[in-house]
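Here are the chains, one letter per residue:
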Amino acid sequence: AQSVTQPDIHITVSEGASLELRCNYSYGATPYLFWYVQSPGQGLQLLLKYFSGDTLVQGIKGFEAEFKRSQSSFNLRKPSVHWSDAAEYFCAQSGSARQLTFGSGTQLTVLP
Amino acid sequence: DTAVSQTPKYLVTQMGNDKSIKCEQNLGHDTMYWYKQDSKKFLKIMFSYNNKELIINETVPNRFSPKSPDKAHLNLHINSLELGDSAVYFCASSQERGPQYFGPGTRLTVT
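Numbers given to residues run from 1 along each chain, matching the order in which its sequence is written. Lettering of chains starts at A and numbering of ligands starts at 1, both following the order in which they are written. The predicted nature of this model means local features are confined to residues of pLDDT at least 70 and side-chain atom pairs, given and counted, to a pLDDT of 80 or more, with totals for whole chains, interfaces and linings taken over all residues. Heavy atoms throughout the structure, all of them, feed into the side-chain values; hydrogens and water do not.

Caption draft 1: Spotlight on unusual backbone geometry. Looking along the chain, the bond that leaves T7(B) and enters P8(B) is cis, with omega of -5°. Secondary structure elements are taken from DSSP: a helix is a run of H or I of four residues or more, a strand is a run of E of two residues or more, and numbering for both begins at the N terminus. Along the polypeptide, P8(B) turns up in the loop between β1 (4-7) and β2 (10-13). At S72(A), a position not held by glycine, the phi torsion is positive, near 50°. Examined against the element boundaries, S72(A) turns out to sit in the loop between β8 (64-68) and β9 (73-78).

Caption draft 2: Up close: the state of the cysteines. Only a pair of cysteine sulfur atoms within 2.5 Å counts as a disulfide in this structure description. Counted according to the given criterion, the structure contains 2 disulfides over all chains. Linked covalently through their sulfurs, C23(A) and C91(A) form a disulfide whose S-S length is 1.9 Å. Looking along the S-S bond of the C23(A)-C91(A) disulfide, the torsion reads about -65°, which is the left-handed sense. Of the two residues, C23(A) sits in the loop between β3 (19-21) and β4 (24-26) while C91(A) sits in strand β10 (residues 87-94), which places them 68 residues apart along the sequence. We note that C23(A), like C91(A), is buried. Disulfide partner of C23(B): C91(B), at an S-S distance of 1.8 Å. Disulfide C23(B)-C91(B): the torsion about the S-S bond is -75°, which places it as left-handed. Placement of the pair is C23(B) in strand β3 (residues 19-25) and C91(B) in strand β9 (residues 87-94), with a sequence separation of 68 residues. C23(B) gets classed as buried once you look at its relative accessible area, which sits at 1%. When a residue's accessible area, from a 1.4 Å probe over protein chains only, is under 20% of the maximum for its type it is buried; when over 50% it is exposed; and in between it is partly exposed. Overall, C91(B) belongs to the buried group, its relative accessible area being 0%.

Dropping the structure here:
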């Protein structure tokens, strides 16, 4: 069965610091990978996606993610975090059935 | 215009009742989905549906049923509501295996 692991339940960073959120996937073929962000009381917003090609993908709000097949990872990064980035972040993969399998999420707190 | 919309945003009801949540997408996508987010924020697929195929997550009770009057709508019907059904339900849509776009969610509270 497909699974997505986000090892960090909660991360705290200071505003202006760099950020890396970890994600590991399990899927035999080339997965379709996504990062979503959920602000409190809101729906999920797509940050970026990886289907194939360049392993470094750029997303909205200054986020990027790198696909590493050898490590089965798709980590999300941002060079300088803003207070408005505080939210829940979900990594997800899509298999042949199109349905998304989500990780358990990482709660990001940003300190002033 | 909102890409994926859901109504109602909040739904409070008693155990044993039957309720529906509506979802509409104006993106022209061919597939729609329902996800459940529990109190720990874990998201789990319930259904995916296009005009050819309904895929049901095997863990979903048969009290839950999706109904699609047309390609742009996928409603969720829930019979005999239970306390454990309390959650946030998200509708989403995609074109083939493309990225999924989510609605704002419906918070269901069963008392």
